[in-house]
Amino acid sequence: MTPAETTAALAREIDSTCRLTGQFVLRSGRTADEYFDKYRFEADPRLLDRVAAHVAPLVPTSTEVLAGLELGGIPVVTALGRHTGLPCAFVRKTAKPYGTARLAEGAELAGRQVLVVEDVVTSGGQVVSSTGQLRELGARVDHALCVIDRAEGGAALLAEHRVALRALFTRADLEAHRTR
């Protein structure tokens, strides 16, 4: 298989594993007959490892720490760390009020070039929020990486905040390779 064929096969597998049919109430309150359950690729160790292997070449060479965002970015960053050898940090949406009371656990971030890692980016709001918090902690952040960019404005919002988004797949990529 060529690299392009391997990537297309991965897109098909992610799509067929994660795309569910039925009746689903979405966050917006709207009802849909199709739902993309991203946690299904993250919960399958074999598939997650293949995803991480394909994402690894997208990591900027200047990266010193991979920072996975709660919840979906955590399994992705852990698998990605295995493929890159880079240390990882696990970033909460808010600092916990007990124990270390830290926003980010794991690798030290201050003064280091940090790559924010997310599973799926839609609007980009959580990545922007977390990037701001990481910068307040002294991290240098200018890139974010995701497995799937839903292409609903996230990349543009991130660019406004001086963060370039890299994605393994867009929603259109998954749809183009969908097994019918």
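Preceding this paragraph is the structure being described.
Note that this is a predicted model, so its numbers are computed, not measured. (Residues numbered from 1 in each chain as written. Predicted model: local features only at pLDDT ≥ 70, side-chain atom pairs only at ≥ 80, totals over all residues. Heavy atoms only, no water.)

**Q** Describe the packing of helix 1 (residues 3-18) against helix 3 (residues 45-55), with residues and values.
**A** Here helix 1 crosses helix 3 at 140°, and the two axes come no closer than 11 Å. Taken as axis vectors, helix 1 and helix 3 run oblique relative to one another. Judged by the twist between their axes, the crossing of helix 1 over helix 3 is left-handed. Of the residues in helix 3, those in contact with Thr-6, Thr-7, Ala-9, Leu-10, Glu-13, Ile-14 and Thr-17 of helix 1 are Arg-46, Leu-47, Arg-50, Val-51 and His-54. (Axes fitted to C-alpha atoms, helices over the stretch in contact; angles between N-to-C directions. Helix = DSSP H or I, 4+ residues; strand = E, 2+ residues; numbered from the N terminus. Parallel < 35°, antiparallel > 145°, perpendicular 65-115°, else oblique. Left-handed = near helix turned anticlockwise from the far one by under 90°. Contact = heavy atoms within 4.5 Å.)

**Q** Can you explain the sheet that holds strand 5 (residues 104-106)? Please cite residues and give values.
**A** The strands making up a sheet associate through hydrogen bonds between their backbones, and the pairing can be parallel or antiparallel. Ordered in space as 5-4-3-6-7-8, the six strands form an open sheet in which the pairing is mixed. Each edge of the sheet is formed by a strand with only one pairing partner; in this case those strands are strand 5 and strand 8 (164-170). The average angle at which neighbouring strand axes cross in this sheet is 25°, direction not considered. The pairing of strand 3 (residues 65-69) with strand 6 (residues 113-121) spans four bridges and is classified as parallel. Its bridge partner lying in strand 6, Gly-68 is registered against Val-117. In the packing of helix 1 onto the sheet, the strands contacted are strand 7 (140-149) and strand 8, and the crossing angle to strand 8 comes to about 80°. (Pairing = 2+ DSSP bridges.)

**Q** Kindly report on unusual backbone geometry, identifying the contributing residues and their values.
**A** Cis geometry is found at the peptide bond from Glu-70 to Leu-71, where omega equals -5°. By the secondary structure assignment, Leu-71 is in the loop between strand 3 and helix 4 (73-84). Here the phi dihedral of Ala-101 falls at roughly 55°; this positive angle occurs in a residue that is not glycine. As for its placement among the helices and strands, Ala-101 is situated in the loop between strand 4 (88-91) and strand 5. Positioned with a positive phi, Arg-162 is a non-glycine residue whose angle comes to about 60°. Mapped onto the elements, Arg-162 comes out in the loop between helix 6 (154-160) and strand 8. Among the residues examined, Arg-162 registers a relative accessible area of 61% and is labelled exposed. (Buried < 20%, exposed > 50% of the residue type's maximum accessible area, 1.4 Å probe, protein only.)

**Q** Mind laying out helix 1, listing which residues take part and the relevant values?
**A** End to end, helix 1 covers 22 Å across 16 residues, agreeing with the expected 22 Å (1.5 Å per residue, within 8%). Looking at helix 1, one finds that the buried residues are Ala-8, Ala-9, Leu-10, Ala-11, Glu-13, Ile-14, Asp-15 and Cys-18. (Expected span 1.5 Å × (residues − 1).)

**Q** Help me get a handle on the state of the cysteines, residues and values and all.
**A** Applying the stated criterion to the full structure yields zero disulfides. Unpaired in terms of disulfides, Cys-88 finds its nearest cysteine sulfur in Cys-146, a separation of 17 Å. Residue classification places Cys-88 among the buried residues on the basis of a relative accessible area of 18%. With no disulfide of its own, Cys-146 has Cys-18 as its nearest cysteine by sulfur position, at a separation of 14 Å. You can call Cys-146 buried: its relative accessible area is 1%. (Disulfide = S-S within 2.5 Å.)

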